[in-house]
Amino acid sequence: MEESFKEILKEKVNELNLKLDPLQEEKFYLYYKALKEWNRKINLTSLEGEEEIILKHFVDSLACIIPIKDENIEKIIDIGTGAGFPGIPLKIYNEKYKLTLLESQKKKVLFLEEITKILKLSNVEIIWDRAENLGKNPKYRENFDLALARGVAKPHIVLEYAIPFVKIGGIFLGQATPNNITEWENTKRTIEILGGEIEEKLEVNFDNITRIFLKIRKKNNTPEKYPRRPGIPEKRPLIM
Ligand SMILES: C[S@@+](CC[C@H](N)C(=O)[O-])C[C@H]1O[C@@H](n2cnc3c(N)ncnc32)[C@H](O)[C@@H]1O
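Residues numbered from 1 in each chain as written. Predicted model: local features only at pLDDT ≥ 70, side-chain atom pairs only at ≥ 80, totals over all residues. Heavy atoms only, no water.

## What to know about the sheet that holds strand 5 (residues 166-176)
Read from one edge to the other, the open sheet built from seven strands follows the order 3-2-1-4-5-7-6, with strand pairing classed as mixed. Only two strands of the sheet have a single neighbouring strand rather than two, namely strand 3 (124-128) and strand 6 (196-206). The average angle at which neighbouring strand axes cross in this sheet is 20°, direction not considered. Alignment of strand 5 against strand 7 (residues 209-218), held across six bridges, turns out to be antiparallel. Looking at strand 7, one finds that I171 is bridged to R217. Helix 8 (residues 155-162) rests against strand 1 (75-79), strand 4 (144-148), strand 5 and strand 7 of the sheet, and its axis sits at about 155° to strand 5. (Pairing = 2+ DSSP bridges. Helix = DSSP H or I, 4+ residues; strand = E, 2+ residues; numbered from the N terminus. Axes fitted to C-alpha atoms, helices over the stretch in contact; angles between N-to-C directions. Contact = heavy atoms within 4.5 Å.)

Below, the structure is given as structure tokens:
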């Protein structure tokens, strides 16, 4: 592994007060190399530089650990995971997680299949589908301790994709920024209709980046009609 990569990764992860062992560092390096290689063939991520990928993909994903550190999490679904964010960094950090990666674009699914092999990750399921379909499937609906969906769509839309997957007592972790936190805070009624409640708002700062997490706890079953048909949440967001 290149020393510069290791040094930057260590420094940035330290800012979160988290620690990686040498094997985990190596896995992040292999992940970085695979992202760069695949990016030459298909458009996986718009981020290219070493520091940018470490900070905005790896460390930003690992920041999700902070709001969930006192939770008993086993099953995680990462909706619209793209090239695996934030799900794969969390799995590298804690291999006990049972991770489902959901992605609607086939080319990204092929990358996910490859990278999980390269990183020798076990208990990872990769699904090529849309959230609106899988969220209706009884095998997946209300089945996860934690749902994640970073940068997938605007808040009202993402909530309709994600909350149906969360079991009662589980969490959907909304990943907001100072730029869109007001929009997230205006979703209280939508969250309630889908069976959730905002429990906590937590700001995490690292390297001049501010990430705002909204811990949304599932209190009641999601009404059967949600999520609506593919495309409908986007066309007619559940703005209440
Ligand atoms: C902007 S990318 C973000 C990817 C990743 N979560 C990240 O933070 O880097 C959004 C991803 O969500 C996927 N996506 C969008 N709508 C989806 C849906 N309804 N079901 C499943 N995946 C979806 C897209 O194909 C895309 O890969």
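On we go.
## Details of the packing of helix 2 (residues 22-39) against helix 6 (residues 106-118)
Their axes nearest at 11 Å, the elements helix 2 and helix 6 cross at an angle of 150°. In terms of orientation, helix 2 and helix 6 fall into the roughly antiparallel class. Helix-helix and strand crossings are classified by hand; for helix 2 and helix 6 the assignment is right-handed. Of the residues in helix 6, those touching helix 2 at L30, Y31, A34, L35 and W38 are K107, L110, F111, E114, I115 and I118. Classifying every residue of the contact of helix 2 with helix 6 gives nine nonpolar, no polar and two charged. (Parallel < 35°, antiparallel > 145°, perpendicular 65-115°, else oblique. Left-handed = near helix turned anticlockwise from the far one by under 90°. Nonpolar A, V, L, I, M, F, W, Y, C, P; charged D, E, K, R; others polar.)

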